[in-house]
Every structure is written in structure tokens, then in C-alpha cells.
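# Topology and contacts: notes
Letter by letter, the chains look like this.
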Amino acid sequence: MFLLYEYDIFWAFLIISSVIPILAFLISGLLSPIRKGPEKLSSYESGIEPMGDAWLQFRIRYYMFALVFVVFDVETVFLYPWAMSFDVLGVPVFIEALIFVLILIVGLVYAWRKGALEWS
């Protein structure tokens, strides 16, 4: 039988964890002074006077490396629970993990052959 009263702590935690950041933003918005001037609107570069435009166009290579990093970082997040419970889950889950890794390796080889991982 599904009992809702078992989730009272969860709902209380959810409400409190939602209200605290909202209150923090509201209070800081009310208490903070609003002073706009040229010094506030300038970009900050470690105390050095900014030179040139702050908006730069980055090369797509940086984004490709970041994307490959995120893909393999997420892969480790998915593989860690499988590795920890391998003895309980057995061979079918090992085969699923193997297929998952093979799909990612195919994607890595594709990106490598297309030259997406070349830095120069």
C-alpha cells in the first residue's frame, strides 16, 4: 500500500531547500545598494585596466574538447555504479555496459577521424 505520510520529511526538505535560496536572493536584492557608473559597468581583469573588447570569439576546438571531456566524464559516472554492483547484477548488465562503452568508443574514433581532436 502506498502511504503518503512516509514522505513528509521529503516534502519538508524540498520546501525548505527551495525557500532558503529564494529568500537569500530577495533579501540581497532589497539590501544591496544600487550604484551604476562607468566603474561598475567595466569588465574586471584582475585589477588591471581592461584593454580592447571583452567579447571574444573562441575557436570551435575549445568547445569540441570540452564536449569530449563531458561525454567521457558522464561515462565514468554511469560506469561506476555498474562496477560497484557487478557481482549482484551479473553478466547481462556487463554486456549492457560493454555495449555502452563500445558506442562511446565508436563516437571517439569518429571524432578523431574527423580531426575534431587536433589542436593545431
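The notes below deal with the structure included here. (Residues numbered from 1 in each chain as written. Predicted model: local features only at pLDDT ≥ 70, side-chain atom pairs only at ≥ 80, totals over all residues. Heavy atoms only, no water.)

## What to know about helix H5 (residues 91-114)
Taking 1.5 Å of rise per residue, the 24 residues of H5 would be expected to cover 34 Å, and the 35 Å separating its terminal C-alpha atoms lies within 8% of that figure. Every buried residue belonging to H5 is among Val 93, Ala 97, Leu 104 and Ala 111, and all of these are buried. On its buried face, H5 is in contact with helix H3 (60-84) and helix H4 (86-89). The first or second residue beyond H5 is Gly 115, which carries a positive phi of 85 degrees. (Helix = DSSP H or I, 4+ residues; strand = E, 2+ residues; numbered from the N terminus. Expected span 1.5 Å × (residues − 1). Buried < 20%, exposed > 50% of the residue type's maximum accessible area, 1.4 Å probe, protein only. Contact = heavy atoms within 4.5 Å.)

## Overview of the packing of aromatic side chains
Following the criterion strictly, the structure yields four aromatic pairs and no others. Ring centres 5.1 Å apart and planes at 65 degrees place the aromatic pair Phe 10 and Trp 11 in the edge-to-face group. The exposure class of Phe 10 is partly exposed, given its relative accessible area of 44%. Plain terms: the ring middles of Phe 78 and Phe 100 are 5.9 Å apart, the flat faces sit at 90 degrees to each other, and that makes the pair edge-to-face. Here Phe 100 lies in helix H5 and Phe 78 lies in helix H3, a separation of 22 residues in the sequence. (Phe/Tyr/Trp six-rings, centres within 6.5 Å; stacked < 30°, edge-to-face > 60°.)

Distances and angles like these do not, on their own, reveal function.
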